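What the coordinates show
If you want the building blocks of each chain, they are given just below.
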Amino acid sequence: MHENARPQHAFTEPPSPERGSESGYANMPLTKAPGWHGMIAWDTLLNGMATGLFMAAAVSELAAPTVFTPVAKVAYPVALVLLLIDLGLLVLDLGDSLRFHHMLRIFKPGSPMSVGTWCLTIFSLPLTAAAALSLLAELGMDFEWARILVVVVGLLPALGSAAYKGVLLSTNAQPGWKDARWMGGYLTNSALLMGCAELLVLSALMGQTQATAILRTAFIVLLVLNVIPLGLLFANLRPTHARLYTREQQWRVGVLIAAGALIPLSLMLLNGGLLCIAVAVIFLLSESWVIRFVYVKIPHTSPRVP
């Protein structure tokens, strides 16, 4: 190798002995932010909506089939559409769209990216089958045993698909992201909450009053529980937020997030009709997107080494 040739790294030079005993890159900030922007926020939102809706419909149907089966048969095709849009965004965000299949050439149990990619791929198969069998049932070709079987098979990979993005982002070296250890917990809980909210809207639109009443209660419980991982996530990120944003900016985001939780909770407690449910879900989804967008933008606003 030529003596002037130097490998290009996203790090600064390792410290010399004169700078102290510290060595290596462990405590050095990165100098290059990832090429991920707002599309990743939409990706994580749609991923949570698709996996959450499937899990909410599956658990509800398996627990009380007479109450939730009609709603679940509508939910699976909707979840499939959301997943297809999400997968489209993932492929577009690669830069070279033809590389999408590369992650399926190997399987690394210790890699969140590899495990997540396989979970997402496996999940898409029973979801597609459940959606197809649900549509066939409406046409009079009812294969109920097969539909229930694929629903059960899809539960575990759906959970893995909902959780892996938070684990993946919180286990890399990017400033801010590496501190958000509760991101996986938040995204998983958020997916269940959004799935319950979507199923609640579908049941209200279909006039399934018993299902709507049960899902309204479940939505309130999940919304309150969602405060726990969200609070722990922001505790993780408090030093990062203090470094990147002014106090006024932090207050604005905090007020918006609080409104996204309190307004849906208030509307649910009012026990209103379809309009109240729709407004509550819109506020919830808006809050969820804002949290994801703020989180994704952290490495792009973090101070860099000159």
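Residues numbered from 1 in each chain as written. Predicted model: local features only at pLDDT ≥ 70, side-chain atom pairs only at ≥ 80, totals over all residues. Heavy atoms only, no water.

Some remarks on the environment of N189
Rules: Put simply, DSSP marks the helices as runs of H or I at least four residues long and the strands as runs of E at least two long, and each gets a number from the N terminus on. Whether two residues touch is decided by their heavy atoms; if any such pair falls within 4.5 Å, the residues are in contact.
Within the element layout of this structure, N189 appears in helix α5 (residues 183-205). Expressed as a C-alpha distance, the spacing of N189 and L223, which sit 34 residues apart in the sequence, is 9.1 Å. When neighbours within four sequence positions are excluded, N189 is seen to be in contact with L222, L225, N226 and P229.

Focus: helix α7 (residues 247-269)
The criterion, for reference: The span you would expect from a helix comes to 1.5 Å times its residue count less one. Burial classes: relative accessible area under 20% of the type maximum marks a residue as buried, over 50% as exposed, and values in between as partly exposed (1.4 Å probe, protein chains only).
When the terminal C-alpha atoms of α7 are compared, their 32 Å separation across 23 residues agrees well with the 33 Å that a helix rising 1.5 Å per residue should span. Of the positions making up α7, those classed as buried are I257, G260, A261, P264, L267 and M268. A positive phi of about 60 degrees marks N271, the residue just after α7.

A few points about the packing of helix α2 (residues 65-92) against helix α6 (residues 209-244)
Selection criterion: With axes taken as lines fitted to C-alpha atoms, and helix axes fitted only over the stretch in contact, angles between N-to-C directions fall between 0 and 180 degrees. An angle below 35 degrees is read as roughly parallel, one above 145 as roughly antiparallel, one from 65 to 115 as roughly perpendicular, and any other as oblique. As a working rule, the residues Ala, Val, Leu, Ile, Met, Phe, Trp, Tyr, Cys and Pro are called nonpolar, Asp, Glu, Lys and Arg charged, and the rest polar, with Gly in that last group.
Running from N to C, α2 and α6 point in directions that differ by 90 degrees, and their axes come no closer than 9 Å. Regarding the angle of α2 to α6, the classification is roughly perpendicular. Contacts between α2 and α6 involve V67, F68 and V71 on the former and, on the latter, Q210, A211, I214 and L215. Within the contact of α2 with α6, the residues separate by chemical class into six nonpolar, one polar and no charged.

Topic: the pattern of salt bridges
Oppositely charged side chains can form a pair if their charged atoms are brought close together. For clarity, the threshold we go by: One speaks of a salt bridge when a side-chain nitrogen belonging to Lys or Arg is within 4 Å of a carboxyl oxygen belonging to Asp or Glu.
Here the structure, examined in full by the defined rule, presents three salt bridges. For R147, the salt bridge is made with E144, and the minimal N-O distance between the two is 2.6 Å. With a gap of three residues between them, R147 and E144 both fall in helix α4 (residues 144-170), about one helical turn apart. According to the relative accessible area criterion, R147 is buried, its value standing at 0%.

Comments concerning the packing of α2 against α5
The cut-off we apply is this: Crossing handedness follows the turn of the near helix against the far one: under a right angle anticlockwise gives a left-handed crossing, and clockwise gives a right-handed one.
Following both chains from N to C, one finds α2 and α5 inclined at 130 degrees, their axes separated by 10 Å at the closest point. Classified by the interaxial angle, the pair formed by α2 and α5 is oblique. Note on packing geometry: the crossing formed by α2 with α5 is right-handed. Residues V71, V74, A75 and L82 of α2 form the contact with α5, whose participating residues are E198, L199, L202 and S203. By residue class, the composition of the contact of α2 with α5 is six nonpolar, one polar and one charged.

So far we have only geometry, and geometry alone does not tell us how the molecule works.
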